[in-house]
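# Overview (structure and organization)
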Amino acid sequence: MPSPEDVIEPVAQSSTAQNLGQRRYMTDLHNLSPDEIDGLMSSSEGRPFLVVHHLPEIKEEGIPYLMPGTPITCKVDNTEKYTTRSKVNVGTLYTVSLTHGHFHWTVKRKYKHFQELHRDLYKHKMMLHLLPLGRFSKERQQLRAMSEEMPSLHGTERTRRTSSKMKYLEEYLNGLLENAFCRNYHGMLEFLSVGALSFVTDLGPKGLEGPIFKRSGGHRIQGLNCIGHHQFCFRWSRRWLVVKDSFLMYMNRDNGRINFVLLFDPEFKVKVGRAYTDTKYGVCIENFTRSLIIKCSSYRQAHWWSHEIDRLSENCDYLKVQRFEGFAPPRENTLTKWYVNGSGYFADLADALEQAREEIFITDWWLSPEVFLKRPATDNYWRLDEILKRKAEQGVKVCVLLYKEVGMALGINSEHSKRTLMNMHPNIKVMRHPDHVSSVVLMWAHHEKIVAIDQTVAFVGGIDLAFGRWDDSEYRLTDLGLARTSGVTEEERKGDTVDNGVADGPKPSEPDKQTELDPEDLTGNTKLWLGKDYSNFIKRDWVQLDRPFEDNIDRTQVPRIPWRDLSAGLHGHAARDVARHFIQRWNFSKIFKNKYKDEFFPYLLPKSHCTADSLPFTVPGSKKAKVQVLRSADRWSTGTCESSILNAYIHIIENSEHFIYIENQFFISCADGKNINNKIGDAIVDRILRAHREKKKYRVYVVIPLLPGFEGDLSTGGGNAIQAILHFTYRTVCRGEHAILSRLGEIEDQWTEYITLCGLRTHSQLSDTLVTELIYVHSKAIIADDRCYLIGSANINERSMLGNRDSEVAVFVEDEERVPSVMGGEEYEAGPLTLALRKECFSVLVGASSDPSINIDDPISDEFFFLTWNEAAKMNIAIYDKVFKCLPYNSVHNMQDVKGYTSQERLCDMDPEQAKEELKAVRGLLVHFPLKFLCEENLLPPLNTKEGIAPMELWT
C-alpha cells in the first residue's frame, strides 16, 4: 500500500477553488432583491437586524429611514431659556418628544432650526418643479400627494389665538410629518435626528444621533497614532454619530458606511471642555482602546451630548467590573447545555447553523473547512464549508476569526482555511490575527473556540472545528470502514467495537474499498474519519492540510488517538455576551491590521440586551441555570485586560465543600513567583489541608493526558516538547518544593485519601493486531459539589490563565434548581445540570456505562473513591503493562529504563489469545498517572535543540 506521501490528490478533490492564490471577491456588493427591499421596509415593529449589513445599499436604493405606513408624531412639551452669543438676547430652546411605532426619543431645537427646516423644504419643493430630472421622479410623486401650500410655520389663526408658540410649532411639525415628501426629506431627518439605524429593533432604543465633527487619532494601539498626539497631526471629519445602550459609532452619512464602533466598558468616560479636548466645545469619549474627540457647535450642545450619552449608558452592564473581575455579569435563567465529546456538539452546532438568519461568528485556534459535523458522511451536506457557503448564499453574514500562527512552529495552515472560505462567497469574511512582527507577539495565541449565531445562541468550549476533534464515548482506535458500500445502520456502526474497543475491521488481505473512491463522492461511506481527520499526532503531526482527503497516517497499521473534550451551548443574554466578545475582537483586528481597513471587512455591531429574551430557536435538551461568560484577554489580543477565568477557578476550589473534578489538557500551576504565577494548585493544597484539619471528607479528581500532544517518540529519545511539558506537570504534582504532594507533607501518606491523578487509555484490534493508545484529554473543565461547573478553552497553565498571554473564553454555570442526590452517604441537594454532567463523565471513565452494577451516585464515598475509581485505575494500568508494555509507566525512571522496558517481549505479540483474555478485565478508561516516570531525568530540553532555545514561557 502506498504511503500517504505517495498519493497525489487531484486538484478537483480539494474544497479550495482553483484560483486559491487570489482573493476572488475584492468587493462586497450584494444587490438587494425586491423581496429583500420589501422585507426591510414592510415591518411596522422595527427594521430587521440585517439592515446593519446593507447600509450602503439602503442609501443607494433610497429606502426611507422612517418606517412606511407607521405614523410619526411629535409633542413640543418643554422649553428652557438659554443665553445667546451676544449675551444680551435670551432665546428659547424647545424640547421635542417624538414617537414612531414603539420608538420614543427627544431632540432639542431652537426656533431658528424650525425656520431653517421650513426654508430648506420650500427650496427643495421649488427645485423639484423647476428641475424635472428622472432621479427626482419618486419625490415628485410624493409631492403630488401634498397640498399646494406647506403648513405655515407661524401656525393657524386659531392656534395663534388660543395657544403659545410651542403649540403652533407642534402643529406645524405634525402637519409636515403627515406627508411622505416632507418626512423623508434629508433635512427633516436631520432635524429629527433620524438615521438608517434608528429603528432597528435588535439595536434597542433609538438612542441619540446627530451630525458631529470628529478628530482623527486617539487609538490606544501602537502604530496608529501620530507621535505625541500633537494638535497639528490630526484632521477633522464630518460624521453622523449614533449612541445606543451599549456602544456608540459614527458613520459617513454620504455613503452609509460605518467608520468606527466604540463599545462601552469599565473605562468608559465622557468629558467636556477644552481642558480634556484642546478644542472649544469639545467632547472626549473614552474607553479602554480609544479616546475619541468630537466637536460641537456650542457649549449647550456639547453638554447635551455628554448628558445624553451618560443617560443612555447608565444601565449598561459592561460599564461595571463584574464578578471575578470579568466583563459580563452572571445571567440568571439562561438556557444552557453541556457536551462531552465532539459528536453531540458537532451535530447540535450543525443544526443551529442551519437556523442562522442574520450572522454567524466563528473563532478558533484551528479551523478545518472540510470537517464533517455529522457522521458518517454520505454526501457533503454537513461539511462545515458547505454549510457556511449555503448560509452565505441565503444572505447570512459569516465572520470568521482565525489565529495567525507562526508558520515555523505550527502546521495548522490558517492561510489555507482563510482562502478556502473566502473563495466561496463574498458574505464570508475571514480575518487572521495577530501580525507577529508589527504586534511583537510571537509566542501567544488566540486559543478560544466560539460560535455565535444571530447573537442569540452561542457555543463555547475546548472543541475547535478542526480535524481529529470528532469523537464519541466509544473512543474508537480504528476506522477502516466496512467492506461493503451500502448504508450502515447505527447499530452496525456501533457494533464494530466490543470489549472496550476491540474492532473487527477488514483483514489485511482485503482491499480498503473506500480508498478507491473519489473523496468528493461519499455514497455509501461508512468511515467516521475521512482523510486527515484520522490522526495520531504523536506518531505524526498534521501536514499538507491543503490536501484534506489524503490520509496523514496509514490507518491499516497505526491506531488513531481518540479525543476527549467538553463544550457548552448557551442562549439569550449569555449568548449576547459571547457575541460581544467576538465583536470586540473583530473590530479590534480590523483597526489593528491595515489590510482589513477596507470596506470589504465590515464593523460589527452588538445587539441590545433588551431583545435577548426573544429566542427564534433553541438547542434541544437545554436547561435553565445561572451562566457567566469569562475570558482571558490582553491589550494585544482584544484591546482590554482580563483574567476572570483564573479568578473563577480559584473561587470554585476555595468554596467547594465536598469535591472538585478537573479535566484538563495541562496541569501546570503552583506559584513560585518566578516561572509560575497562577495559584490554582496552591488553592487545591489549601483546600485539602483545610479539610484535613477539620477532619472532613474531601476529594480532588484530576484527569489529564498521559502524554502531551506533541509529535515525538520517547522510546527512541525523541519528544523534547513532550518532555518539557512533562517537566512542568511533574513540578506541579510531585517533584520539587512547590509541588502539590510536597506541600501536603504534613498529612504524609494520607494524601491518597484526598487527591487522585489519572490519565485515560483504551485498546482495540487493528488488522488482526492488538493495539493500545492513550485517549487525549483536551478538556478544560472543572466540576464542584454537583452544583456548578466551568467549561471553556482555558488550560491550567500560565498561557491560558494569566490573561496577558493566550486569549481564552469560558462559561461558569451554576444550577439554580435542586434535585435529590447523595453525598458522603447522606441525602444531598444537587444541581440537575451539574449532576448529570458529572455522572456522564464518571460513568464512561469507570465503566459504569457498560456495567450497571457500578454505582457512581456518591462521588466522595470511600467505596467509590477507593474501590471504584482508584482500584480500576490501578488494575487497568497493570493489565496494559502486562499486555502492551506501553509508556509512560511508573517503573521507568530514566532513559536507560525506557530502552529496557520497550525492548521486552509483549504478551500481545507472544500470545494474542491470552492477551485478549487479560484485556477483558479492563474496566473503563482510567489509569493512574505515573508519578515516578522518568523521575531520574532532567526533562527540560537540551540547550542545543530548538526546544531548548525557546523561552521558558513557551512551555508554561
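Just so we're clear, the structure is a prediction, and the values are computed from it rather than from any experiment. (Residues numbered from 1 in each chain as written. Predicted model: local features only at pLDDT ≥ 70, side-chain atom pairs only at ≥ 80, totals over all residues. Heavy atoms only, no water.)

## Side note on unusual backbone geometry
Condition: Each helix corresponds to a stretch of at least 4 residues labelled H or I by DSSP, and each strand to a stretch of at least 2 residues labelled E; elements are numbered beginning at the N terminus. The buried label goes to any residue with under 20% of its type's maximum accessible area, the exposed label to any with over 50%, and the partly exposed label to all in between, with areas taken from a 1.4 Å probe on protein chains only.
Backbone torsion omega between R375 and P376 reads -5°, so that peptide bond is classified as cis. Tracing the chain through its elements places P376 in the loop between β12 (359-364) and α12 (384-393). The residue after H433, namely P434, is reached through a cis peptide bond having omega 5°. Within the element layout of this structure, P434 appears in the loop between β14 (428-433) and α14 (436-439). For E748, which is not a glycine, the phi torsion comes out positive at approximately 50°. By the secondary structure assignment, E748 is in the loop between α20 (740-743) and β25 (755-766). Accessibility expressed as a relative area gives 61% for E748, which makes it exposed. Even without a glycine there, the phi angle at K885 is positive, about 50°. Examined against the element boundaries, K885 turns out to sit in the loop between α23 (862-884) and α24 (895-902). Here K885 falls in the buried class, since its relative accessible area comes to 18%.

## Some words on the side chain of E808
For the record, the criterion: In this tally, Asp and Glu contribute negative charge and Lys and Arg positive charge; neither His nor the terminal groups of the chain are included. The term salt bridge refers to a pairing of a side-chain nitrogen on Lys or Arg with a carboxyl oxygen on Asp or Glu at a separation within 4 Å. Identification of polar contacts relies on pairs of N or O atoms within 3.5 Å, with a donor-acceptor requirement for protein atoms, meaning one able to donate a hydrogen and the other able to accept it, and with residues adjacent in sequence counted only if both atoms are side-chain atoms.
By the element assignment, E808 lies in strand β30 (residues 808-814). One buried charge, E808, has no salt-bridge partner; the nearest side chain with opposite charge is K449, at 6.0 Å. Looking at E808, its side chain comes within polar contact range of the side chain of S800, at 2.6 Å.

## With respect to the packing of aromatic side chains
Geometry of an aromatic ring pair is reported as the spacing of the ring centres plus the angle between the planes. Selection rule: Here the aromatic set is Phe, Tyr and Trp, taking the six-membered ring for Trp, and pairing holds for ring centres within 6.5 Å; pairs whose planes are under 30 degrees apart are stacked, those over 60 apart are edge-to-face, and all others are tilted. Two thresholds decide whether a charge sits over a ring: the Lys NZ or Arg CZ must be within 6 Å of the ring centre and within 35 degrees of the ring normal.
Inspection of the entire model under this criterion finds 40 aromatic pairs. With 5.1 Å between their ring centres and 55° between their planes, F842 and W869 make a pair best called tilted. In this pair, F842 is assigned in helix α22 (residues 832-846) and W869 in helix α23, connecting sequence segments 27 residues apart. Judged on exposure class, the residue F842 and its partner W869 are both buried. Cluster of aromatic residues (ring-pair linked, three or more members): F659, Y661, Y701, F842, F864, F865, F866 and W869. The ring of F213 carries K295 above its face, with NZ or CZ at 6.0 Å from the centroid. When the ring centre of Y603 is taken as origin, the NZ or CZ atom of K590, which lies over that ring, is 5.1 Å away.

## What about the nonpolar core?
Put simply, the rule is: Nonpolar cores are built from buried Ala, Val, Leu, Ile, Met, Phe, Trp, Tyr and Cys residues. Side-chain atoms within 4.5 Å join them into one set. In what follows, a contact means two residues having at least one pair of non-hydrogen atoms within 4.5 Å.
Grouped together as the largest cluster of nonpolar side chains are 267 residues, with contacts concentrated most on F459, Y661, I684 and W869. Per-element tally for this core: the top contributor is α23, with nine residues. Apart from residues lying up to four places away in sequence, F459 is in contact with Y339, Y345, D348, L349, A352, K449, I450, V451, I453, A568, G569 and V619. Ranked by size, the runner-up nonpolar core spans eight residues in total, among them F666, I676, A724 and F728.

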